[in-house]
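# Coordinate inspection notes
Here is what each chain is made of, one letter per residue.
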Amino acid sequence: QVQLVESGGGLVQAGGSLRLSCAVSGSPFSINAMGWYRQAPGKQRELVADITSDGVTKYYLDSVKGRFTISRDNAKSTVFLQMNSLKSEDTAVYYCNANIWDSPFGAKNFWGQGTQVTVSS
């Protein structure tokens, strides 16, 4: 069974940095686009960043451009989110997402368990 396992969240001061990781386990046929979402208290989940399978094309939420960097290591089936210059408004639970061809029948979206990022002011 394909699963996504996240790590790297924690408590950091404003202006600090964190690096999130999300590794795909199981036996995927192929891993397509991967991304990071976040959900803050009282708000809907929003897409923070995503990256195509070859790592060439990236998308960032406007509010994180210039501060966050998404990357992937396909040999390790892992996607990363480097978060610099963190602000209190970045506080949220961060969820990894991946579109994965996990069977002969097609691709599905999979979600990580979520990791808490708390930025103190």
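For the structure itself, look to the data block above.
What you see is a predicted model, and the numbers here were worked out from it, not measured in a lab.

Criteria and cut-off values
- Residues numbered from 1 in each chain as written.
- Predicted model: local features only at pLDDT ≥ 70, side-chain atom pairs only at ≥ 80, totals over all residues.
- Heavy atoms only, no water.
- Disulfide = S-S within 2.5 Å.
- Helix = DSSP H or I, 4+ residues; strand = E, 2+ residues; numbered from the N terminus.
- Contact = heavy atoms within 4.5 Å.
- Polar contact = N/O pair within 3.5 Å; in protein donor to acceptor, adjacent residues only side chain to side chain.

## A short note on the state of the cysteines
- Evaluated as defined, the whole model comprises 1 disulfide.
- Shown here is the disulfide that connects Cys 22 with Cys 96, its sulfur atoms set 2.1 Å apart. In this structure the cystine formed by Cys 22 and Cys 96 twists about its S-S bond by roughly -85 degrees; its chirality is therefore left-handed. With Cys 22 in strand S3 (residues 18–25) and Cys 96 in strand S9 (residues 92–103), this residue pair connects regions lying 74 residues apart in the sequence.

## Brief notes about the environment of Glu 6
- Along the chain, Glu 6 falls in strand S1 (residues 3–7).
- Taking the C-alpha atoms as reference, Glu 6 lies 9.1 Å from Val 24; in sequence the two are 18 residues apart.
- Discounting chain neighbours no more than four positions away, the residues touching Glu 6 are Ser 21, Cys 22, Trp 36, Tyr 94, Tyr 95, Cys 96, Gly 112, Gln 113, Gly 114 and Thr 115.
- A distance of 3.4 Å separates a polar side-chain atom of Glu 6 from the backbone nitrogen of Thr 115.

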